[in-house]
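These are the residues of each chain, in order.
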Amino acid sequence: MDIALLIIGFLLMLVGILGSFLPVLPGPPISWVGLLLLYITKAVPDNWWILGGTLVLALAITVLDYIIPAAGTKKFGGSKAGMWGTIIGLLVAIFFPIFGPFGIIIWPFIGALVGELMNKADQKTAMKAAFGSFLGFLTGTFMKFVLTAGYLIFFIIVTIKYAAELFSF
């Protein structure tokens, strides 16, 4: 059973990394479930402090991933209309993946641009706010990738540490 949990946990780690880039997959929580499965094995001792801390990080990064593009819009001179446009664009990208995986980049940009133009901003201000949204998206993606890659490295280190117990047939 430990081997099955280990394999499924490792696969969830890889899916979590993919989720850093794909909008339909919440990468950090998926990676965290992979860690949880590793700690459920009989070979690895329970450590609720590690699991709790990594869960808090995964949830915080997931929430920040939705907040940062809107904050980027505001930082680059966008209004509330632009921030709302960014959020609506993110939701469109998640629920209606018209542009495929590139929709998560395109829709927040379009949303911020349309929101600013509807708010009577000039084209230069609207483009600057849309760029802020795009920069915020890249920042969120980078944070998710770093966290999920870190979880994968941690998963591998713990697996190696308890390899004798995990692979004792």
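Look up: the structure comes first, before these words.
The structure contained in this document is the topic of the report that follows. Fair warning: this is a prediction, and the values are worked out from it, not measured in the lab.

Digging into the overall build of the protein chain
Working step 1: Counting its regular elements, the protein chain contains seven helices and zero strands.
Working step 2: Going from the N terminus to the C terminus, the protein chain shows its helices and strands as α-α-α-α-α-α-α.
Working step 3: Taken along its principal axes, the extent of the C-alpha atoms in the protein chain is 70 × 30 × 15 Å.
Working step 4: Of all intrachain contacts in the protein chain linking residues separated by at least 6 positions in sequence, the fraction that spans at least 24 positions is 67%.
Working step 5: When the accessible surface of the protein chain is summed, it comes to about 9400 Å², and 80% of that surface belongs to carbon and sulfur atoms.
Working step 6: Measuring between centres, the 9 positive side-chain charges of the protein chain sit 14 Å from its 6 negative side-chain charges.

Here's the deal with the pattern of salt bridges
Working step 1: One pass over the structure, following the stated rule, counts one salt bridge.
Working step 2: With its nearest N and O atoms 3.1 Å apart, the salt bridge here joins Lys 144 to Asp 65. Residue Lys 144 is located in helix 6 (residues 123-161), and its partner Asp 65 is located in helix 3 (residues 48-75); the two are separated by 79 residues in the primary sequence.
Working step 3: Taking the relative accessible area as the measure of exposure, Lys 144 reaches 8% and is therefore buried.

What about the environment of Gly 89?
Working step 1: Its location among the elements puts Gly 89 in helix 4 (residues 80-95).
Working step 2: Distance from Gly 89 to Gly 115, taken between C-alpha atoms, is 9.9 Å for residues 26 residues apart in sequence.
Working step 3: Apart from the residues within four sequence positions on either side, Gly 89 is in contact with Trp 107 and Pro 108.

Things to note about helix 4
Working step 1: An ideal rise of 1.5 Å per residue puts 22 Å on 16 residues; helix 4 measures up with 22 Å between its terminal C-alpha atoms.
Working step 2: Every buried residue of helix 4 is accounted for by Gly 82, Met 83, Gly 85, Thr 86, Gly 89, Leu 90, Ala 93 and Ile 94.
Working step 3: Those residues of helix 4 that are buried lie in contact with helix 3, helix 5 (103-118) and helix 6.

With respect to the packing of helix 1 (residues 2-19) against helix 2 (residues 27-40)
Working step 1: At a minimum axis distance of 7 Å, the contact between helix 1 and helix 2 shows a crossing angle of 165°. Relative to helix 2, helix 1 is oriented roughly antiparallel. Relative to helix 2, helix 1 is oriented so that their crossing is left-handed. Note on element contacts: helix 2 touches helix 1 through Gly 27, Ile 30, Ser 31, Val 33, Gly 34, Leu 35, Leu 37, Leu 38 and Ile 40, opposite Leu 5, Leu 6, Ile 8, Gly 9, Leu 12, Met 13, Val 15, Gly 16, Ile 17 and Gly 19.

The rules we used
- Residues numbered from 1 in each chain as written.
- Predicted model: local features only at pLDDT ≥ 70, side-chain atom pairs only at ≥ 80, totals over all residues.
- Heavy atoms only, no water.
- Helix = DSSP H or I, 4+ residues; strand = E, 2+ residues; numbered from the N terminus.
- Contact = heavy atoms within 4.5 Å.
- Areas by Shrake-Rupley, 256 points an atom, 1.4 Å probe, with all protein chains shown as cover.
- Lys, Arg positive; Asp, Glu negative; His and termini not counted.
- Charge placed at Lys NZ, Arg CZ, Asp CG, Glu CD.
- Salt bridge = Lys/Arg side-chain N within 4 Å of Asp/Glu carboxyl O.
- Buried < 20%, exposed > 50% of the residue type's maximum accessible area, 1.4 Å probe, protein only.
- Expected span 1.5 Å × (residues − 1).
- Axes fitted to C-alpha atoms, helices over the stretch in contact; angles between N-to-C directions.
- Parallel < 35°, antiparallel > 145°, perpendicular 65-115°, else oblique.
- Left-handed = near helix turned anticlockwise from the far one by under 90°.

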